[in-house]
Amino acid sequence: MSAVYTLGIDVGSTASKCIILKDGSEIAAKSLIDVGAGTSGPKRAIDMVLSEAGMKREDMAFVLATGYGRNSLMGLADKQMSELSCHARGAAFLFPEVHTVIDIGGQDVKVLHIEKGAMTNFQMNDKCAAGTGRFLDVMARVLEVKVEELGDLGAKSQKKVGISSTCTVFAESEVISQLAMGTDKCDIIDGIHRSVAGRVAGLAHRIGVVPQVVMTGGVAQNAGVVNALRAELGCEIKTSPLTQYNGALGAALFAWQAATR
Amino acid sequence: MAKQVSPGVLALRKVVDDVHTEAREAKKRGELVGWSSSKFPCELAAAFDLHVMYPENQAAGIAANRYGELLCQAAEDLGYDNDICGYARISLAYADGKRAARKFDPETGEYVIDPSTGKPLKDAEGKVVIDPETGKPKKDPKTQTPYIVLDDLNEINALPDGPEKERRLAAISPIRQMQIPQPDFVLCCNNICNCMTKWYENIARMHNIPLIMIDIPYNNTVEVEDSNVKYVRAQFDKAIKQLEELTGKKFDEKKFEQACANANRTARAWLKVCDYLQYKPAPYSGFDLFNHMADVVTARAKVEAAEAFELLAKDLEETVKKGETTTPFPEKYRVMFEGIPCWPKLPALFKPLKEHGVNVTAVVYAPAFGFVYNNIDEMARAYYKAPNSVCIEQGVDWREGICRDNKVDGVLVHYNRSCKPWSGYMAEMQRRFTNDLGVPCAGFDGDQADPRNFNAAQYETRVQGLVEAMEANQQAKEA
């Protein structure tokens, strides 16, 4: 019997991610473009993943779209699902014992409760960018560092600096004030990480934190935020090198389920 | 196919229309017209045959007609903060004379049509007609409406009699909520919301009119103590004296008793209507209850309201017998909708619910207006228990009772930027619903009157997530 290939596409607010899955268990190809919904990102990510796999759209048994831009792909995808369920599914595939998923994306934060691999409840942030990936983007720009450098720089901190988590704009002016006072960048970055962690922990406590806890989304690549969140929640947090692809992975898994039903 | 309207619903619409018409005519005759908060004991005003209008219902209507942002901004221009309740902002702007009016050409007097309004034009076969120039659907000119602009009634009234004055008066939106007479007195009871006190004090000061106040403190126990009842009873007595001074009439006990009897009859019929949501499928949607609340609030002490609700209950009995429903889609999931709807965004609110077969079969706000009592002490006790004056234990108990009786699969919570007391305790309530009932809950940000606080894309994701969680729960139960 020939292999079944399925494609999961996660069009987020800041990035477009794709995964082609072979027989619902093996990643055949993946792609990531750093722009998301409403840009050329989704098309480029799809072209890239198909090219990497040496395949065409017609070779896909089922295509499932997720993320904020999911509705815009309905001509190409067979089905769309919310990124909430897709993140739950992706995390449960990577960590079968998972009960809590914390996903920090470009513009939202989700905390998902998982039972037997399926999402049974969730909490999301309100209309505020504080505590999201965008918050870190803004801070990195003010500090004149790359967002991917934040984790390593924060680890060098020697002194605790408090940064508020109420509002991105106000936090930005706080960071500027700290810089003007000559505070060490590494200390400010550590303060920013703890600020994000405090905000996300508040959301997580609303729904209840049940181990195993898994963190997904681009921000999970920042060890500073993950460590600060570990300290806030007082429990171990698992992450995966595939963290940014987690939504697309979940979408590809749901696509495989639909194709083989 | 157009939605069929039952005789009960038609009767309810007439009751509210009549209350408004009578108030407008009374004002023209020089009689007193008051404004009242929704849970002020209307029985007291009814004993004096007073005409009373309800700013909360008015604001909901204005918001649903998409004039909410205009009036909210007008209130902000007067200096009211945009963190204040949207109903309060709309009402305060209206009290200040601000009106939504149709834009007209000063030369010709003709209304200027807003090209973005109107429904798509359809041909004889019912197909949408496409404009060859733009490639977009053409608009049916019959359904297009003029631009809406802000006008000021005080400015208009100061004009000398003549065509400009006439045109500007005629241009004010004809919806009944924009034609409510200005108040001669205000009746405020803060059991429904603590922002109410300042809202009504401001109106009283603006118009230099009497404010009759019933203060209901927040109740941190489930029971209403006798001392609380005594405190409210004393305020009823004071309000009666103030109303006697205002009207120059003696308190008519017989009229008061009749008003109480009517209010109880209305409440019983209303609760019966609410209870029909327990059926599977529900014969209607919980959102319809919000529409009928106009009657419970504006006319609950009138016999016509009681009769109309009894008629609606009869209609629903028939609908249930036939296994029919007025919900325009098959009911796949049943949810409790927590909070007041986002009136300016009703289509956006309804769209993903319809798409996923989610029917609202429980709302706590509606039955909370159905209070039944046998004497004046019980009446005081009933007015003590409004949704925002009770403790969290009572609030959870009410809601979980409705969720169980009305068999919900999930809860959709509106974190209403206008209503801090209500939204503030919802995070804890959500946690309890999930723990006690085993149902998923989703919260979304919005506002009852100010459309600037609602984001359709965020809402859709949350509804879809809730549906997927309800599906996972159902599958787990079946397994």
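Residues numbered from 1 in each chain as written. Chains lettered and ligands numbered in written order. Predicted model: local features only at pLDDT ≥ 70, side-chain atom pairs only at ≥ 80, totals over all residues.

### A look at the overall build of chain B
The secondary structure content of chain B amounts to 18 helices and 10 strands. Taken over C-alpha atoms, the radius of gyration comes to 23 Å for chain B, in line with the 23 Å a tight globule of 479 residues would show. Its C-alpha atoms put chain B at 70 × 65 × 45 Å along the principal axes. Per-residue burial over chain B gives 44% buried out of 479 residues. When contacts within chain B are restricted to residue pairs at least 6 apart in sequence, those whose partners lie at least 24 apart make up 77%. (Helix = DSSP H or I, 4+ residues; strand = E, 2+ residues; numbered from the N terminus. Rg over C-alpha atoms; globule rule 2.2 N^0.38 Å. Buried ≥ 20, exposed ≤ 12 C-beta atoms within 10 Å, placed from the backbone. Contact = placed C-beta atoms within 7 Å.)

### Here's the deal with the overall build of chain A
Each helix and strand in chain A was counted, giving eight helices and 10 strands. Computed over C-alpha atoms, the radius of gyration of chain A comes to 19 Å, within 12% of the 18 Å expected from 2.2 N^0.38 for 261 residues, which places it in the range of a compact globule. Considering only C-alpha atoms, chain A reaches an extent of 65 × 35 × 30 Å along its principal axes. Looking at chain A residue by residue over its 261 residues, the buried ones come to 53%. In chain A, 68% of the contacts between residues at least 6 apart in sequence involve partners at least 24 apart.

### Here's the deal with the sheet that holds strand S5 (residues 185-189) of chain B
All names here are of chain B. The parallel open sheet is built from four strands, whose spatial order is S2-S1-S5-S6. The strands lining the two open edges of the sheet, one partner per strand, are strand S2 (51-53) and strand S6 (211-214). On average, each strand axis in the sheet is inclined to that of its neighbour by 25°, with strand direction left out of account. On the sheet, helix H1 (residues 7-28) packs against strand S1 (33-36) and S2 and is oriented at approximately 120° with respect to S2. The strands that helix H8 (residues 196-207) touches are S1, S5 and S6; relative to S5, the one it contacts most, it runs at about 170°. (Pairing = 2+ DSSP bridges. Axes fitted to C-alpha atoms, helices over the stretch in contact; angles between N-to-C directions.)

### Examining unusual backbone geometry
Along the chain, A:Pro211 connects to A:Gln212 via a cis peptide bond; the corresponding omega equals 5°. As for its position among the elements, A:Gln212 is in the loop between helix H6 (185-207) and strand S9 (213-216). The residue A:Lys116 is not glycine, and still its phi comes out positive at about 50°. The residue A:Lys116 is located in the loop between strand S7 (109-115) and strand S8 (118-124) in this model. The residue B:Asn208 is not glycine, and still its phi comes out positive at about 55°.

### Topic: the domain arrangement of chain B
Residues and elements named next belong to chain B. The assigned domain composition of chain B is domain 1 (15-97 + 161-249) and domain 2 (270-478). On a C-alpha basis, the centroid separation for the pair domain 1 and domain 2 is 25 Å. On the side of domain 2, 38 residues touch domain 1, which itself brings 41 residues to the contact. Going through the elements one at a time, H1, helix H2 (42-46), helix H3 (55-64), helix H4 (68-77), helix H5 (86-95) and helix H9 (226-247) are the ones with two or more residues in the side of domain 1 that touches domain 2. Take the side of domain 1 that touches domain 2: its biggest share by element is six residues, from H3. Grouping the amino acids of the side of domain 1 that touches domain 2 by side-chain chemistry returns 25 nonpolar, 10 polar and six charged. (Domains from an automatic or database assignment. Nonpolar A, V, L, I, M, F, W, Y, C, P; charged D, E, K, R; others polar.)

### A few points about the sheet that holds strand S6 (residues 100-104) of chain A
Residue and element names in this part refer to chain A. Strand order across the open sheet formed by five strands is S8-S7-S6-S9-S10, with mixed pairing between neighbours. This sheet does not close on itself; its edge strands, each paired only once, are S8 and strand S10 (237-238). Sheet topology places S6 next to S7; five bridges connect them, and they run antiparallel. Looking at S7, one finds that Ile102 is bridged to Val111. Docked against the sheet, helix H2 (residues 83-94) engages S6, S7, S8 and S9, running at close to 55° with respect to S7.

### Observations concerning the interface of chain A and chain B
The partner chain B presents 20 residues to the 16 residues of chain A that form the contact. Listed by contribution, the elements that provide at least two residues to the side of chain A that touches chain B are H2 and S8 of chain A. At six residues, S8(A) tops the list of elements feeding residues into the side of chain A that touches chain B. Class assignment for the residues of the side of chain A that touches chain B results in seven nonpolar, four polar and five charged.

### Digging into H3(B)
Along an α-helix, residues three or four apart share an orientation, since each turn contains 3.6 residues. Residue and element names in this part refer to chain B. Burial analysis of H3 places 10 of its 10 residues in the buried class, which makes it a mostly covered element. Taken together, the buried positions of H3 are Pro55, Glu56, Asn57, Gln58, Ala59, Ala60, Gly61, Ile62, Ala63 and Ala64. Buried residues in H3 make contact with S1, S2, H4, H5, helix H11 (286-299) and helix H13 (346-355). Arg66, located one to two residues past H3, shows a positive phi value of around 70°.

### Points about the packing of H2(A) against helix H8 (residues 246-260) of chain A
Residue and element names in this part refer to chain A. Running from amino to carboxyl end, H2 crosses H8 at an angle of 90°, the nearest separation of the two axes being 7 Å. Considering the angle they form, H2 stands roughly perpendicular to H8. Judged by residue contacts, Glu83, Ser85, Cys86, His87, Ala88, Arg89, Gly90, Ala91 and Phe93 of H2 engage Asn246, Gly247, Leu249, Gly250, Ala251, Leu253 and Phe254 from H8. Here the contact of H2 with H8 is built from residues that sort into eight nonpolar, six polar and two charged. (Parallel < 35°, antiparallel > 145°, perpendicular 65-115°, else oblique.)

### Things to note about the packing of helix H10 (residues 253-275) of chain B against helix H12 (residues 303-321) of chain B
Relative orientation and spacing of two packed helices are given, respectively, by the angle between their axes and the distance between those axes. Residue and element names in this part refer to chain B. Between H10 and H12, the least distance of the axes is 8 Å, while the angle of their chain directions is 20°. Considering their axes alone, H10 and H12 lie roughly parallel with respect to each other. For H10 against H12, the interelement crossing comes out left-handed. On H12, the residues that touch Asn262, Arg265, Thr266, Ala269, Trp270, Lys272 and Val273 of H10 are Val303, Ala305, Ala306, Phe309, Glu310, Leu312, Ala313 and Leu316. Within the contact of H10 with H12, the residues separate by chemical class into 10 nonpolar, two polar and three charged. (Left-handed = near helix turned anticlockwise from the far one by under 90°.)

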